[in-house]
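What follows is each chain in one-letter form.
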Amino acid sequence: MTRFISPRLEGLSPYVPGEQPRDRSYVKLNTNENPFPPPPAVVEAARREGERLNLYSDPDCLYLRESLARYEGLEPENVLVTNGSDEALSFIFFAFKGGFIFPNHTYGFYKVFAELYGAPYEEAPLKPDFTVDVDAFIESGKNAVIANPNAPTGLFLPLPEIESILDANAERLVIVDEAYVDFGGESAASLIKKYDNLIVTRTFSKSRSLAGMRLGYIMASKELIADLNAVRCSINPYNVDRVALAAGTASLECEEYFRKNLETVIGNRQYTAERLTALGFTVIPSCANFLFAKRDGLSGEELYLSLKKRGVLVRHFKKSGIEDYVRISIGTMEDMDILLSRLEEIIV
């Protein structure tokens, strides 16, 4: 870093996103994108709105907030729309006092945001089976942040366990990051009217095939949403562009299309897990659109590099405790068969 950087940022380690290759064509199973395009109605809504890019977007995101509120059984005042759920999380880590606790193996942005904003944080070790240690969150004096399902493991923490953390921490926030919940979990949004210390974040990137739009939202009590909206308006009141708002609103009218795609992804996930197990892999049961897997005798890095050499990208994390695993996004059946074929070449 240069001599001009603020002293508080000198040791910052930024988040490292998954590879977006430009050098060749890969079977891309490394960033948990939906393998299916958005429906034609969403594409058309985005195209129409593209003709009005000379005008600012609605800073209140009113139409989309109203649509989301109807969809989630809430009021518009319970919803804040953001530029991807990463911005939602950024606002949360920036806004609230008390520090944060999150698992030691989870979405890497939590630690980055905590360090960026100077928020005290604690990493709670997962149990040996990679499940969340609920007692650690109950006993901590910090705001709890839980990806549910968790990433990169794909494991889901049942809602009664979430409620136990909420009940034990009435004076602290419980933030539930539901980026992958549509692929097999149960949303905590139903608990928002019961708990004023609950915040739920969601994204359109995964189940709704809009990763390229950068669209997310926050659900919480009206008071917490007002706090976060004040932060948003102090940073960028036009945080979501016109095209993303139009696409997001249209996508909520295409439920049958998305449910069909979800069923396909879940079926492909089950098929791939069974095939991997037959090939001698240890596969963590997943409620997300990815699998976390390892094979004895092959390091995670070796597996990642061997697949990349054969035109398939998966995600490998060098962090101690999960370095033997790779995370495999679920693609089309053709994608998964290519992956499995390449794995057979590697392990023979």
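Given the structure is predicted, the values throughout are model-derived calculations rather than measurements. (Residues numbered from 1 in each chain as written. Predicted model: local features only at pLDDT ≥ 70, side-chain atom pairs only at ≥ 80, totals over all residues. Heavy atoms only, no water.)

Draft legend 1. Summary view of empty space enclosed by the protein. The tally for this structure, following the rule as stated, stands at 2 cavities of 30 Å³ or more. If you add up the space inside the largest cavity, you get close to 60 Å³. Lining the largest cavity, in full, are Leu68, Tyr71, Glu72, Asp182, Arg202, Thr203, Phe204, Ser207, Arg208, Tyr217 and Leu252. If you list the elements that add at least two residues to the lining of the largest cavity, you get α2 (62-72) and β7 (198-203). Of the residues forming the lining of the largest cavity, the biggest block, 3 residues, is contributed by α2. Class assignment of the residues belonging to the lining of the largest cavity gives a composition of 5 nonpolar, 2 polar and 4 charged. Roughly 30 Å³ of internal volume is contained in the second largest cavity. Together, Asp182, Ser207, Arg208, Glu255, Phe258, Arg259 and Leu262 line the second largest cavity. Along the lines of polarity and charge, the residues of the lining of the second largest cavity split into 2 nonpolar, 1 polar and 4 charged. (1 Å grid on protein atoms, 1.4 Å probe; cavity = no way out; pocket = protein on both sides within 12 Å on 5 of 7 lines; lining within 4 Å. Points joined across faces, edges and corners; volume = space filled by probe spheres on them. Helix = DSSP H or I, 4+ residues; strand = E, 2+ residues; numbered from the N terminus. Nonpolar A, V, L, I, M, F, W, Y, C, P; charged D, E, K, R; others polar.)

Draft legend 2. Spotlight on unusual backbone geometry. A cis amide bond, omega 0 degrees, links Asn148 with the succeeding residue Pro149. Mapping Pro149 onto the fold places it in the loop between β5 (143-147) and α6 (159-168). Put simply, Ala151 and Pro152 share a cis peptide bond, and its omega is 15 degrees. Within the secondary structure layout, Pro152 lies in the loop between β5 and α6. Despite not being glycine, Ser209 has its phi angle at roughly 60 degrees, a positive value. Checked against the element boundaries, Ser209 lands in the loop between β7 and β8 (216-220). The residue Arg214 is not glycine, and still its phi comes out positive at about 55 degrees. Mapped onto the secondary structure, Arg214 falls in the loop between β7 and β8.

Draft legend 3. The arrangement of the packing of aromatic side chains in detail. For the structure shown, the criterion picks out 20 aromatic pairs. Here the aromatic rings of Tyr107 and Phe109 are separated by 5.9 Å at their centres, their planes lie at 80 degrees, and the arrangement is edge-to-face. In terms of burial, Tyr107 and Phe109 fall into one category: buried. Aromatic rings pair up to connect Tyr15, Phe93, Phe94, Phe100, Phe102, Tyr107, Phe109, Tyr110, Phe113, Tyr117 and Tyr121 into one cluster. Residue placement shows Arg327 over the ring face of Phe290; its charged tip is 5.7 Å from the ring centre. (Phe/Tyr/Trp six-rings, centres within 6.5 Å; stacked < 30°, edge-to-face > 60°. Buried < 20%, exposed > 50% of the residue type's maximum accessible area, 1.4 Å probe, protein only. Lys NZ or Arg CZ within 6 Å of the ring centre and 35° of its normal.)

Draft legend 4. Summary view of the pairing of strand β6 (residues 174-177). Here β6 shows two buried faces, one formed by Val174 and Val176 and the other by Ile175 and Asp177. The sheet contact formed by β5 and β6 spans 4 bridges and is parallel. By the bridge assignment, Ala144 is partnered in β6 with Val174. Read as a crossover between parallel neighbours, the route from β5 over α6 to β6 is right-handed. Where β6 and β7 come together, 4 bridges link them in parallel fashion. Residue pairing in the sheet places Ile175 in a bridge with Ile199 of β7. (Pairing = 2+ DSSP bridges. Right-handed = clockwise from strand over helix to strand, strands pointing away.)

Draft legend 5. Main features of the sheet that holds β8. With mixed pairing, the 7 strands of this open sheet are ordered in space as β2-β8-β7-β6-β5-β3-β4. The outermost strands of the open sheet, each flanked by one partner alone, are β2 (79-82) and β4 (121-124). Between one strand axis and the next, the sheet turns through 20 degrees on average, direction left out of account. Across the sheet, helix α3 (residues 84-95) lies against β2, β3 (100-103), β5, β6, β7 and β8, angled at about 155 degrees from β7, the strand it touches most. (Axes fitted to C-alpha atoms, helices over the stretch in contact; angles between N-to-C directions. Contact = heavy atoms within 4.5 Å.)

Draft legend 6. Broad picture of the environment of Tyr107. By secondary structure assignment, the location of Tyr107 is in the loop between β3 and α4 (109-116). Between the alpha carbons of Tyr107 and Ile146 there is a distance of 9.1 Å; along the sequence they are 39 residues apart. Once you skip the residues sitting within four places of it in the chain, Tyr107 turns out to touch Tyr15, Asp86, Leu89, Ala151 and Asp177. Here Asp86 takes part through its side chain, which lies 2.6 Å from a polar atom of the side chain of Tyr107. (Polar contact = N/O pair within 3.5 Å; in protein donor to acceptor, adjacent residues only side chain to side chain.)

Draft legend 7. Spotlight on the environment of Leu29. Checked against the element boundaries, Leu29 lands in the loop between β1 (27-28) and α1 (40-50). On the accessibility criterion, Leu29 (1% relative accessible area) is buried. Taking the C-alpha atoms as reference, Leu29 lies 27 Å from Leu245; in sequence the two are 216 residues apart. Ignoring sequence-local partners within four residues, the contact set of Leu29 consists of Val312, Leu313, Val314, Arg315, Arg327, Ile328, Ser329, Gly331, Asp335, Met336 and Leu339.

Draft legend 8. Region of the structure containing the side chain of Asn197. With respect to the helices and strands, Asn197 occurs in the loop between β6 and β7. Asn197 sits in the buried class, given a relative accessible area of 5%. A distance of 3.0 Å separates a polar atom in the side chain of Asn197 from the backbone oxygen of Arg172. Non-local contacts of Asn197, meaning those with residues more than four positions away in its chain, are made with Leu166, Asn169, Ala170, Arg172, Leu173, Val174 and Leu224.

These results come straight from atomic positions and should not be treated as a statement about function.
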